[in-house]
Structures are given as structure tokens and as C-alpha cells.
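For reference, the chains in residue letters:
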4 protein chains.
Amino acid sequence: MNAPAGFFASTEPLKYAGPESRDPFSFRWYDKDRVVLGKRMEDHLRFAVAYWHSFTWPGGDPFGGETFLRPWMHGADEMALARAKADVAFELFRILDAPFFAFHDRDIAPEGRSLKESNANVRAIADIFARKMETSKVRLLWGTANLFSNRRFMAGAATNPDPDVFAYAAAQVKTVLEVTHELGGQNYVLWGGREGYETLLNTDLKSELDHMARFLNLVVEHKHKIGFKGTILIEPKPQEPTKHQYDFDVGTVYGLLCRAGLEKEVKLNIEANHATLAGHSFEHEIAMAAALGVFGSIDMNKGDAQSGWDTDQFPTNVEDTALAMYEILRAGGYTTGGTNFDAKVRRQSIEPEDLVIAHAAAMDVCARALLIAADMIEDGALQHAVDERYAGWQTPDARAMLAPGSSLDAIAARVEAAGLDPQPRSGRQERFEALAGSYLR
Amino acid sequence: MNAPAGFFASTEPLKYAGPESRDPFSFRWYDKDRVVLGKRMEDHLRFAVAYWHSFTWPGGDPFGGETFLRPWMHGADEMALARAKADVAFELFRILDAPFFAFHDRDIAPEGRSLKESNANVRAIADIFARKMETSKVRLLWGTANLFSNRRFMAGAATNPDPDVFAYAAAQVKTVLEVTHELGGQNYVLWGGREGYETLLNTDLKSELDHMARFLNLVVEHKHKIGFKGTILIEPKPQEPTKHQYDFDVGTVYGLLCRAGLEKEVKLNIEANHATLAGHSFEHEIAMAAALGVFGSIDMNKGDAQSGWDTDQFPTNVEDTALAMYEILRAGGYTTGGTNFDAKVRRQSIEPEDLVIAHAAAMDVCARALLIAADMIEDGALQHAVDERYAGWQTPDARAMLAPGSSLDAIAARVEAAGLDPQPRSGRQERFEALAGSYLR
Amino acid sequence: MNAPAGFFASTEPLKYAGPESRDPFSFRWYDKDRVVLGKRMEDHLRFAVAYWHSFTWPGGDPFGGETFLRPWMHGADEMALARAKADVAFELFRILDAPFFAFHDRDIAPEGRSLKESNANVRAIADIFARKMETSKVRLLWGTANLFSNRRFMAGAATNPDPDVFAYAAAQVKTVLEVTHELGGQNYVLWGGREGYETLLNTDLKSELDHMARFLNLVVEHKHKIGFKGTILIEPKPQEPTKHQYDFDVGTVYGLLCRAGLEKEVKLNIEANHATLAGHSFEHEIAMAAALGVFGSIDMNKGDAQSGWDTDQFPTNVEDTALAMYEILRAGGYTTGGTNFDAKVRRQSIEPEDLVIAHAAAMDVCARALLIAADMIEDGALQHAVDERYAGWQTPDARAMLAPGSSLDAIAARVEAAGLDPQPRSGRQERFEALAGSYLR
Amino acid sequence: MNAPAGFFASTEPLKYAGPESRDPFSFRWYDKDRVVLGKRMEDHLRFAVAYWHSFTWPGGDPFGGETFLRPWMHGADEMALARAKADVAFELFRILDAPFFAFHDRDIAPEGRSLKESNANVRAIADIFARKMETSKVRLLWGTANLFSNRRFMAGAATNPDPDVFAYAAAQVKTVLEVTHELGGQNYVLWGGREGYETLLNTDLKSELDHMARFLNLVVEHKHKIGFKGTILIEPKPQEPTKHQYDFDVGTVYGLLCRAGLEKEVKLNIEANHATLAGHSFEHEIAMAAALGVFGSIDMNKGDAQSGWDTDQFPTNVEDTALAMYEILRAGGYTTGGTNFDAKVRRQSIEPEDLVIAHAAAMDVCARALLIAADMIEDGALQHAVDERYAGWQTPDARAMLAPGSSLDAIAARVEAAGLDPQPRSGRQERFEALAGSYLR
Ligand SMILES: [Co+2]
Ligand SMILES: [Co+2]
Ligand SMILES: [Co+2]
Ligand SMILES: [Co+2]
Ligand SMILES: [Co+2]
Ligand SMILES: [Co+2]
Ligand SMILES: [Co+2]
Ligand SMILES: [Co+2]
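Residues numbered from 1 in each chain as written. Chains lettered and ligands numbered in written order. Predicted model: local features only at pLDDT ≥ 70, side-chain atom pairs only at ≥ 80, totals over all residues. Heavy atoms only, no water.

Teacher, can you tell me more about the coordination of the cobalt ion (ligand 2) here?
Metal coordination angles have textbook ideals: 109.5 degrees for a tetrahedral set of four donors and 90 or 180 degrees for an octahedral set of six. Protein-derived coordination of the cobalt ion (ligand 2) comes from Glu271 of chain A (OE), His274 of chain A (NE2), Asp310 of chain A (OD), Asp310 of chain A (OD) and Asp312 of chain A (OD), at a distance range of 2.0 to 2.5 Å. Counting along the primary sequence, the residues that act as donors to the cobalt ion (ligand 2) give the motif E-x2-H-x35-D-x1-D. (Donors = N, O, S within 2.8 Å, 3.2 Å for Na, K, Ca; no water.)

In C-alpha cells form, the structure reads like this:
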């Protein structure tokens, strides 16, 4: 099978056309060379296209099958299909002028009859990627191993009751980590889709946590062994597919990293929809990771506010996205991380152009949000108001309480001596919100 | 004001009358001296009555005011009212034959015009407690400081933007910790009801986390200074009253304890309704705490499965409660902890007898659940099935992967050499569930 | 392909063995001939096995593919596979001694190259069913048309923007309604899995509601035309697969039936998991349907209390199930309806015996719940307490207010004249709950 | 007590100052005389200030008491306090240049020792309102009776087990309906805060629904009797304070209205936060009400996306609000309805200026959203795309299916004759979303 020529009606890269443009095949806000806070927009946002959702997902849901009927999804020669898929993928990268992409091993190449063959398939497609990347600007944001789709992983990978599955997963990660390294990947991601349980009744919770900690250490050790300088990232998710996943959210993963002695080695890839499924706002998870020193990268998407599962929709709300971008800027922006669209067109969006429009519109939402967030930073009024609210902590008495040597006794003595009777001050939430809202453009 | 004589129609202690009893003023399952797994039921369950819900809450909700009109809630002499309340409380302890109770400082004594006066009020009532405890079997499970009701705490206690509030809270905790120690309390609880935020926009998240960590260390240092041998407990809750609380759940609190260097010093008080609000089952939070080595005590109650706030209802479902009891038994049972009814009668349950019936029925639910959980343990079939599921981890190859010195390289070599192709085995969830269900009595 | 001989290790019908039995291949509580409230248990419960979950679902989820690898799911001759599936299905019906089964057209027979061919396939398998039913006790609880799996229905069936899809769906329903009639089906179900929308932006809400109303009327008219005496049932569900479905819950469907003039013609099939996804308890939806005069049948299953999607698990909690059974008994029990297990074994439960155990355990849960509910009815204490609570409504003044001719003026005059100042009376919720709990066995 | 002079630092009406204004005491978008779609902004939006949240709520929550300490909340002469409150209220109306306000009877006047006295209090304050309205532009959007705060209503008003409470509520509504009529109110609202249940166990569901239906009919009959030309509105809410309320959502209320024969008499007041608590988007509830012919008015606010209770926050998200405004415009805009801010400043926002800023910012959010929604309407591209999607329904064959006389037989015959095999067309959701997003300004 050849490349599906003409899959996209046009393969012209989208151009920045300004906010007044009505052409869905242009950027209204994403102007990659525009300098924002001293950095090009492209370097701020570091957009990545996800191989899985855009090229591998066939459009099914729990109540219905394939809707997309992509030409590269049907045929006898699986490697030929994989090559055709790669052609389309790089075509989309070019159309979107995307600086990065991301993949699971099983997205890019078919599973073979043995792990050895599967790995060979992955390496064969990776070679094609390498060649394509010579003439493309696109780079690899991260690679990851799919340790959840095959039925062998139905009860977990690192946390499987069967140690052979642990071994198999370890061997699979080794290959993908190395391939990621060879392709110049900036990060390697672990998403523990089935590292959790369906029922506590059949689960040895403590052993599974121990096994997962060991697995993480093995990966980090191998990273250093092969000289991979990228970041190891964990992507938290509270549930789905399992009833309960160990990597529940940022706070929980931080604790598990501490327990494994890895809080300095591993950072987090935070997905918007996973944040909300865990009962947090996206900006909370980013801010929390930053405060804990483990902010790495993001999976940009959105959930449906009324649905209880991972809808992985393209972001559409500029104001919500601006709050996330503001926290990313406050955290100092990305180092190796980026803005990966872990998002899929709806299963009714069956036309190739839907793929293009969805990404372009989402890039615009993020770019507009970045401009807003940059205004918030540059203007400084929000930060100034926060600083004012906490100004008391700069006094000597306050500093002393935080310093070693302070004690409840000493503090209580001071409270009594001074007759402290602190009066509440307005939190001025509506004023803060109005101020934040005033940057919307 | 005198004690409200005759508040309860009868002050006779409830008696065990067996499962066939139809008398709501008797125990059908709670037979305190019955030996279960080698221990008296009373010593297993260590029931505590919560002062707050039963004696201090007036029956209001966000859309309506007081319904209970308790005699000790209305009057000019607040200390006299507090003494009358104490009389009623100890009367209920006696009626229920409760081995423990628990309180916040503001539950038991009125707030004074200064912290000094407030502390004096607390100590005065504590003296009354001490005298009453001389002739009562009831002991103190834990004390805690209310750092959330007064408007001075509206923006938090340890995490308040105003350091004077931090100081005030520290001084307040000092007193309650000492009073708890003096009353022979088995634990001291910190519930950070307002340690969180309403909007990230006005919040310095990292500073607040740092301040909270310092506060915890101050408390632990003071505990050791005064020789308190009880356990310091944190009670996680994801939200409510604040939009987002730092002590979100077991996993998150564990991470914060690690960050503060306190994971060996502090344990957790897990509330059923807080677990479900955080997106977990109650038994998950218990099992997780046990696996992380921080299981302490429980606040027994239940939420409404369709309501998104903390309803703090008395537990009614034996099967759900048995799953929690099973995890507690697997964790080795309580050491200093207990089963505290952090539960309130519904605001329409305005009769004194509703208080008695609610506690008695809940104690029966727990006792019945304990018997079931003990059967699960004694029979061993569940544990046996779990052991069988993980049996592979006892092999040398499996142990080697967990041991230092293993590597992805070595594991991958073994996978390839052995041609490992692990086949999934049934998780048998329905069989496990049927087995667990078979212990219901 | 032949029937998969020996798919089940044993094909012996399960027997009632009593509560002490430890054999998972026996009934502990379901004793079909036991008379409860004057009726055989089997006639009360009217269990049905669902063809879809047990024989057609391959074990996939959104993050992983097939796990079950049933022999009848792989092969070239689709009709031969369908016949093999039918053999296994009737084997399971016999093993479970199930009085009923239920199916979608696409569960039982493969889709053809045209609707005509698809219908022929359905009729061919229905003929096999008819023959098998001659020597089997199993009868058809209901049939239904699958109007959601094929991509042609991706935007709805009766509510599709394309009227040809409406027509196609109508033609499909015609066949299945007739086949259901011919097989002696007791009901015909409509589940509007994609009758809803993904985004309001692309939706003409009012037209879709009008089209759906017309569709329902067409079905009801055809029912009368062909002389089908069974009940037309709608199964409410709030969402999933679509973001929002029109048949949200019992209350909403009742309104839509009124709008279509069908509130006397159509009844509801209430699913436990759909009730909870809509923010209701299962028993609420049953009680509501009964109060509105539209209670029909149930899809018995349970959701996961922490998951936001339709998990369709087998029921395991006797106490929860008893509350549902109590409402069914209060509603007078089933007429044409039944207890259909719209439940699937977990995707890790890959062994044939898991199917048997899951159904048997669920039947036991329901049987035990029925016994409890029957005790609640027979004892009458709950109903008596309710009657007492509402006794005031039997007075002439109260009756007058409800009668035509009363007015706010007259009522207000009486309130003022009598100086009415009604005092609250305890709702005694905990006592009611303790009483209800006392029937647990 | 006199009016709290100087409660607001300034009483100057806020002025429109344009989008570039940084003054929180000005309007950036709300330019009342600006003509939008042929109507003044003020006449489109019809803003109302809610008496309850802004003047009566003291800042408490379930875990803490009063924070606001408003001068009119503490004093011995309750009627003097009520008059002082009215002064402040009308001052805020003037500052905001608000065209409407809304109230509960118990917000504006203290409860007396009898209903007669309470009614007299209400009438006395209403007289003051009437006088103030002579010199104020503000008019009454709606009045309503508080049938939930007093403990007599703890078990419901119209659905109370005690018919005397039904009578009392009826008498109370009579007065408020008449006062609303006399003050020229445009609507009368019924919010059934406790018309629901806490547990089905103590509830006679069908009787309660019957009583509620009778109550509604009494109110409608009285409306006609006194010649009130305004609209009777019901405000749906799924839960809180009760565990389950009968007026769950738009769809459910529509069904109950049909059952009571009132679907032509009563319309709905839709609150954003109640919509989301019921599992719907705000725009869904508006669109649904419009489709069912019962759209009346809105309570504008927002919930917290991660909290499961009614937070009643001021709206802050322009994009979300624009989607609601778009549905209102599609529904033809308000007739007697308006945009009532059923929103409260956070309990930490204790300064008077917080009240002003919150309202002003919210009015700006709505005004900006209106401009966006008007652009969506005027441009017509969205509607055009929808029309195109449904264009097939204009064909004769399609119309015929909807017309009387069509049948499944006829349709099926046509499907077979024509060999219909409808192919899916892209729902183009991302394109619709991008288009909708393009109107953001
Ligand atoms: Co992701
Ligand atoms: Co996701
Ligand atoms: Co608690
Ligand atoms: Co609680
Ligand atoms: Co169902
Ligand atoms: Co379902
Ligand atoms: Co409202
Ligand atoms: Co509200």
C-alpha cells in the first residue's frame, strides 16, 4: 500500500492570518515568531501532536465501532499500513507547522508475534521517523510504551500479579526508552493506565505499590545508563480504565515518588482532563506540581463538564486555558516539556479536515491564552495583590515562627503578651477575578 | 442553669438483646464482651461519640436555621450552658456504654473575649470532664482545636496570609494538645478545615504549603516536649468548606508528610465521607494508609451517594462497613485509634431519642460488620485466593527483579531468551465478590 | 463451525443448596419454588439473561481490546458463529434455569450488506430461538433494535439530522418488534443510546424532540396494528455514549411521553446504573415511575460508586438491592416486566465459569433482597410508621384543601382564624433506617 | 437605628467607561443604552439584584459562622434593622443602576410571632419599597415566599406530611403573591427548597407529588383571581438542602407540570448552578425549556466545577455565559423574565466594596457575552450550518414520515424499495466550536 495521497485536501502549511480571519485553515492567534515575554511563541508553547488520537484511534466508543475508516487502518500488510500512517502523520505535522510530536510504541508500529518482532517493528518505523525528521522541523517531545491495550496487561504492567508481565513491560520500556533517546526525544512518559485495581478484594495493594516503585527505579537507572538527558515523566490519572489507579493525581504521585526515593528524578506530565476527573482544576495540578518541584509537561485537552470519563476533547475555552498558562508561566515555563494535544476529534468528526481544524483552533486557543497570561505576568497587578496579601510574613516575628528554634510555647507566649486578636481581611476574590478577567482579549 | 434533667426519657444503659430484638433501645449485634479474633468487641471497635455533632450542632443547614432547640443552646450564662451540655454528653456516653469520646475545644466551652479567656474556659470544662471521668468508663479518644469556625480563620489557620492567625492557631493548639494529654487522650487530631484556598488567584500556594509543614513540625515537637505518648493524626478532606483543601486524601497527605519529614511521626484519621468526596472508597483510603504505614484511626460515618457535600450520616450499610472493617483488621486493627462517630442525626431528627437510636443502630452496624470481617479473616479463603494470584512473585526470577542490581537490560535479556509471552489469567472478580458476600450475616 | 462443545465445564443446571453452601455453582438464596407473599420466587423475580453483555461483548474498553476470545467471535462464516453463540446462550439459560432472556437484533445475528439481509439474518436466528424455546423453559422478556453501534447511527437514530437514518431505524424497529411479537416477547424496549447530542452548537433540539416523539408514536401504532400485547418500554439514561441524552431519567421521560401523548401507552425500563449516573438512587427511579404510573421493568446491575460511566456490574450489595425490591413490591411487582441482568463480567473475568458465577451470585443477591423486602412488606412496621406520619391528611380540613373549590383565600382565612402555628415533628430518619436495616438476613 | 450612612464608600452610580478602563468601579462592557439587535442592552439583560444573597446572608457556611457583621444584622428593633437594610439595598440598586430586584418575604422583613404579624411586617416593608420605587428606576422582577428557612418547613411546605404546614405555606404565598402584584412584579417564583425528601423510607412519594400539584394549581388560580398578569415561575434544583428535590431539572418539572395540567400556565426560572448540579449545562436547560415552551427567566450565577454543592458564585467566564446568552436570544429573549444575580460574594469578601465590584464585574461578563451572542445571531453562520445539517428534513419523503398517516410499514417499504443505506456525515463539532469561539471579543 502506498501513502494515501490526497488524504488531506491541501497540504499547505497553515499561516497566521490574524484575529479577523474567518478561514478555519489559518491561525488567528498563533503567530509562532511573535515574541512574548522575551521568547518566541513557538518556544513558549512547544506544541506536540499526539500520534495515538489523531492517527491510531478508529473512532469507536463503548457503544459503537469504528467511524473514521482511515485508509491506513485496513489492509493485510500491517507494516505497509504503518508506513502509510507515518506519511499522513508527517503531513499533518507539516500542515500544522508543529514543532513536536509524541507517540506510544503501539501507535506507530504493529504488534508482532513476539516482543522481539514488536520491537523490530518499532525500530523500523523509528528509522522512518528519523529519516523524515531530517527534512522536517518536527522533533520528538516524548515517547512512551503502551502497557495497557494488549490483553496481557489487563491486570496491570508493573503492578501485575504475574511477574512475567512485569518483566515483559520492563523489556518493552527498555526499547521505547532507547528509541526515544535515539530520536532525540526530550522526555520519556510513563502512563500507568492499568497500574491500579478493579477490586481491592483480589489485590495485594502494598506489593503492587512496591513493584511499581521498583519499576520506576529500573527505568531511571536505565535512563542514566544510556545517557538519556531527557526527563522521565509520570502522567497522573485517577481512574479509567481501571476503577482506581495508583497515579491518582499530582499530590499522590509526589508521595509515591518520595516513597520510591525519586522525587528529584521524575517529573509530571499533567493532563487537563485527568485533573478534572481527579476533582481538581487543571491549574491546581500545575500549581501543585510547581510548588512540589515536579512540574514537567502537559497533555492539553479538556473534559466534558458533565461527563465522568476521559473525553479528551480539544480545548475551546480561552479563559480556562489562560488560567493554566498563567500557572505555567509562574512556574517558569517549560524546560523539556511542552503542550501536547492529548485530544481527539469527536467520533462524528470523520472528515480529514476535522483533524486539521481541531488542531488549528486548539493552537489558537492556547496562543490567545498565552497572550493573556503574559499580560497578567507583565502587568503584575495580580502578583502585586497577592504579595500585599501575604506581606505580613516578611516581618521578623513571622519569619521567626518559620525558623528552627521556634516553638508552640514561644509563640503562645507572644500571642498572650501581645494580646493578639487578628482580624479578618477581605480575600477580595471577586476583585481578583475581575482583574484576571480584564486581561481577556 | 442546671443540667437539663430528663433530657433523655431514660438514662438506662442500652443492653445487648440479640439479633431478634425489635427494641431500638437495645443492641442487636454489639455485645461488648464477646470475643472476636481473640479480643473483646469493645476493644476491637473502640467506639467514640463526637461532641460536636451530637451536642453542639444546632440542626442548621445552608438553607435553614436551628431545628433542635436543645436546652443548653439558649441562655445568658455560657459557661453554665457548657456545664449542662457536659452533663448531657456524659449521660449519653453512659446510655451508649461508649468507651471513648472526642471533642474540639470550641464544642465544649464558649469562646472568650481573648484567647486567654477561651483557654481558661476550655480548661474549666476539661476539669469537669476529668472529674466525670473518675466515675465514668469513658476515655478520651482525641481532642482537637477548632481552627475554622471563628471568622478569624476564614482564610485558614496555619495557611492564613496573616501570620498572626498562624500564631493564634499555634497558641490554641498548644492548649488543646496539653489538655488532651492531661485528660489521657489517646490521640490528637488536626483537621485543616480551611487549610486550602477559594481561588488560586489570591493564593501563594507554595508558601502556604511551607507554613503548614512548619506548623505540623511545631506540633510534633511540642508533643515530644510535653511527653504526650498519643498519636498525632491528620484527617484528610478534599474540599468543603474551602473549594480545595491541601489535606485532600491519604495519598496527598502522605506526600506532604514526606515533604515535611514527618511520615514516621504523624498518622491519619480517615473519614468515610471524606474518602468518597475525594473520589475513593472508604476501604481504599484505609488500605492505602496501611500500605503507606500511616493508618491511625477512623471517623465512621457515610455520605449520601448522590450528594456532593459532607453529609456525615450514621453508617447504615453492613456490607459496605464490613469491607472497611476487613481492611482495618488486615492492617492489624487499631493501636491508639478508634471508631469515632463523626456523624450527626438528620436535622429533622429533633427528638433526644433520635440521638440514642442513631448511635445504637450505628454501633450495631459496625459490630455486625466486625463479625463478618472477622469471619473473612478467620476463614482465610479470600486471602488464600489473593496469595494464589500473586504466587509467581515468590519465584527466584521474580524476586531478583525486585532486588538491587537488577536492570532493564538483564530483564529484557531474560524475556527474549525465555521467549516470555505471559498469558492473562482471570481476575475472578465476581468470584471474589461472591465469596466476600457469602460472609454476610 | 460447530457449537463450542464444552465451553462450560459443566452444563448441569445449578441447584438451590441453601445459605450454608460454599459451592459457587449453587444457589444459596434463590429457591425458585419458594413461595413469598403468595407467589413463587421465580414469578416474583422473573430473571432475564442479557444476550449482549454475556455473549456479544468481547471484553474491550476504551483503552484496550478484546480479552475474552470467545470461540464464536472469530471465524469467516458469521451466521455459523451466530448459531454457535445461540447454542452457548441457551446452554447458559439452562445452567442458570433462567426463565427469560433479552436481546438486541445485532447481538444475535450479523449485520448484512443491506437492511433486508440484516433482517433476514435476524429472522433466521429468531427461527432457531423459536425451535430452541420449544424444548426450553426460557421465554423472551424483551427484544430491542440496536440503533447505536453502526456508524450510520453515530448522530442518532430517530433524532438523526438525516431523515434517511430515521427511516432506516424505523424499518429496523419494525422487524424487531415483529420478531419480538412472534417469539412471544413480553415487552419491547427502546434505548435511545444516541438520541441526544454532543454539542448544542450543531443541534436543532426542538426538531429532534419532535422527531423522537413521532418515532415513538409510529412504534406504538405499529404495536397495535400487529396485535402485540406486550409493553413498549423506554430505558432512560442521562449520557454515554452521547454527552447528553434526551431520555435522561424517569422524570424527564415522563414529560416527553406527555408531550407525545403517550404517557398511558409507554412504560419505563429502569436501569440501576443509569439511575445513579443521572444523580438518583435506583429506588428513587422505581418509586418515581410507580408514582407517575409508568413503572415497567428493570435492568438490574450496579455502577461503581466512584466511576462516572456505565460500568454495568453485577449487583453485589444485598441491602441496596433490598431497597429497590421493596419499591418494586410497593408498586405491586412486575406485570410484563422482569429483572434483566444488564450486567457484564469484568473484562479480566475471562473464564467461562466467571459468567456462571456472576449470574448465580447476582440471582442470590436479588433473591435474598426479595426475602428482606417481603419481610418489610409483611411486617408492615415501615408502612405503618409512614401512615402515621401522614395521618393528618385524613382530616376533613386537609382533604378540603386538596379538593376542587379550595382557594388560597379560604385556606389563609382558616390559618388566621385558627392561629395555626404548626410545630415540626421528628422525621425519625435514623429510626426508619434502623428499622429497615433490621430486616437484613 | 438609622440608615447605615456611608456603608458604601461612594454612592455614585457606576458609569460605562469602556473596555480599556481599569477602574473596578466602572462598567467596561455594560453600556445600557447601546443598541444590540434592535434593543437597548438594559432591555435585553434586565438585570436584577437579589435581596437574599446581598443583604440577608451573613457569610456563614456549614463550618463557620457569620463573617460580614453588617450593621443591619445586629440590633434589638428588627423592623428598624429591616428599614436600614432597605436603605442600603436601594443604595446598591442605584450604584449599580440596576433595573430590577428580587426578594423573598423573609429577606425583607423579620418573622413575627404569628403569620399575621409576619405578613404585616412584609407589607410594612413593601410600603417602604413602594415609596422608594417612586423615586427610583428599579422595578420588581419577582417576589417569592421563603418556605424553607423556618424549622416549621423542615419537612417541606406543600409536600409536608403535616397538612397544617401546607395550609401555612399557602397562606404565606397568598400574601407574597399579592404584595408582588401590588409592587408591579413581573413574575412570581416558587422555589421548592424542601419539596423533596431525605429518605424514601419515611416518605409517601405519590401523595407528596399530588399535594404539590394541588398547591401549584391553587397558586395559579389565585393569580387569575387577583388579576396578576405576571408569570408564575418554578425554579428547578436537583438537591440541596434536601437529598432529593422533586423540581429536579427542566425536563422533570415539565413532566410534573403536565401531570398537574399546568404546562401552559407556569414557566421556569433556570439557575446556572442548579443546572450543573443536575448534570446539565446551563445552556442545555435554557434550550430545553425553550423547546418545551416553558422558558421564563434565569438566575445568573456559576457553580464551582469541582464542588458538589450550590456555591452561587458570580459568573466570571465570558465564553460560558455567551453560550447561555445565545440560547436566550434563540429563544426570543425574555418577556417578563430577566437576569437575576442569584449570587453571593464569597464569605471572605467582607468589605462593602466587594458587593459592588462583584455585581459590576458580573454585569460586564453578561454584557460582553450578550455582544458575542448577538454577533453569533447576526452573523448567522452557526444557524446556517445547523440548517444545512438538517436540510434533508425539508424533503417531501421526510415531511411525510412526520405527518399523520405515516407508518412503520410504509417507511420500511420505502427503505427497502429505495435500498436506503444512509452514510454518516461529519458532525463537524470542532468546526462549530471554532466558529463559535471566533466571536469571542
Ligand atoms: Co494524557
Ligand atoms: Co485523557
Ligand atoms: Co471527620
Ligand atoms: Co465529614
Ligand atoms: Co440497560
Ligand atoms: Co448501563
Ligand atoms: Co436560584
Ligand atoms: Co443556587
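Having seen it, we continue.
So what exactly am I meant to see when it comes to empty space enclosed by the protein here?
Empty space among the atoms can be located by rolling a probe the size of a water molecule over them. Each pocket or cavity is described by its volume, and for the largest cavity that value is around 270 Å³. In terms of lining, the largest cavity is formed by 26 residues, of which the most central are Trp52, His104, Phe148, Trp191 and Asp342 of chain C. Broken down by secondary-structure element, the contributors of at least two residues to the lining of the largest cavity are α2 (51-56), β6 (100-104) and β7 (139-144) of chain C. Across the lining of the largest cavity, the residue classes break down as 11 nonpolar, seven polar and eight charged. If you go around the second largest cavity, you meet 21 residues; those closest to its centre are Leu190, Trp191, Gly192, Glu195 and Asp247 of chain B. Every element with two or more residues in the lining of the second largest cavity is listed here: β8 (187-190), α7 (205-226) and α8 (250-260) of chain B. (1 Å grid on protein atoms, 1.4 Å probe; cavity = no way out; pocket = protein on both sides within 12 Å on 5 of 7 lines; lining within 4 Å. Points joined across faces, edges and corners; volume = space filled by probe spheres on them. Helix = DSSP H or I, 4+ residues; strand = E, 2+ residues; numbered from the N terminus. Nonpolar A, V, L, I, M, F, W, Y, C, P; charged D, E, K, R; others polar.)

Can you help me understand the sheet that holds strand β10 (residues 231-234) of chain A in this one?
In a beta sheet, neighbouring strands are held together by backbone hydrogen bonds and run either parallel or antiparallel to one another. Residues and elements named next belong to chain A. Read around the closed barrel, eight strands run β5-β6-β7-β8-β10-β12-β13-β14, paired in parallel fashion. Strand-to-strand twist across the sheet, computed as the mean angle between neighbouring axes with direction ignored, equals 30 degrees. With three bridges connecting them, β10 and strand β12 (residues 266-271) associate as parallel partners. Across the sheet, the residue bridging to isoleucine 232 is valine 266, located in β12. Across the sheet, helix α7 (residues 205-226) is in contact with β8 (187-190), β10 and β12; its angle to β10 comes to roughly 160 degrees. Sheet contacts for helix α8 (residues 250-260): β10 and β12; angle to β12, the most-contacted strand, approximately 165 degrees. (Pairing = 2+ DSSP bridges. Axes fitted to C-alpha atoms, helices over the stretch in contact; angles between N-to-C directions. Contact = heavy atoms within 4.5 Å.)

How do you make sense of the interface of chain A and chain B when you look at a structure like this?
Many descriptions give the size of an interface as the accessible area lost when the pieces come together. Taken together, the contact pairs 93 residues of chain A with 93 residues of chain B. Each partner contributes to the roughly 8,100 Å² buried at the junction of chain A and chain B, and carbon and sulfur atoms together form 67% of this total. Summed over the three residues of chain A that lose the most area to chain B, namely Leu201, Asn202 and Leu408 of chain A, the buried surface amounts to 10% of that side. With a shortest N-O distance of 3.5 Å, lysine 116 of chain A and glutamate 416 of chain B are connected by a salt bridge. Across the chain A-chain B interface, the total number found is 30 residue pairs in polar contact (both at pLDDT 80 or more). When its residues are assigned to classes, the side of chain A that touches chain B shows 46 nonpolar, 21 polar and 26 charged. (Buried area = accessible area lost by both parts, 1.4 Å probe. Salt bridge = Lys/Arg side-chain N within 4 Å of Asp/Glu carboxyl O. Polar contact = N/O pair within 3.5 Å; in protein donor to acceptor, adjacent residues only side chain to side chain.)

Is there a simple way to explain the relation of the copies chain C and chain A in this structure?
Think of it as a corkscrew move, a rotation about one axis and a shift along it, taking one chain copy to the other. Here chain C sits on chain A after a turn of 180 degrees about the axis and a move of 0.0 Å along it, with an RMSD of 0.0 Å. The transformation just described matches what one would write down for a two-fold rotation axis. Rotation axis and chain C: the residue whose C-alpha lies nearest the axis is glycine 308 of chain C, separated from it by 1.9 Å. A shared interface surface links the copies, since 100% of the contact residues of chain C are contact residues in chain A too. (Least-squares fit on C-alpha atoms with pLDDT ≥ 70 in both.)

Help me understand the interface of chain C and chain A, please; the structure alone is not making it clear to me.
With 31 residues of chain C at the contact, the number on the chain A side is 31 residues. Across the chain C to chain A interface the summed buried area is about 2,900 Å²; carbon plus sulfur atoms make up 53%. Sorting the residues of chain C by area buried against chain A places Phe63, Arg151 and Met154 of chain C first, and these three jointly supply 26% of that buried surface. Linking chain C to chain A there are four salt bridges. Linking chain C to chain A there are 18 residue pairs in polar contact (both at pLDDT 80 or more).

How should the environment of arginine 106 of chain A be read in this particular structure?
Residues and elements named next belong to chain A. Note on placement: arginine 106 falls in helix α4 (residues 105-108). Residues arginine 106 and arginine 83, 23 residues apart in the sequence, show an inter-C-alpha distance of 13 Å. Sequence-distant contacts of arginine 106, that is, excluding residues within four places in its chain, are made with Glu111, Leu115, Ser118, Val122, Asn146 and Gln172. Reaching out from arginine 106, the side chain makes a polar contact with the side chain of aspartate 105 at a distance of 3.4 Å. Polar side-chain contacts of arginine 106 include one of 3.4 Å to the side chain of glutamate 111.

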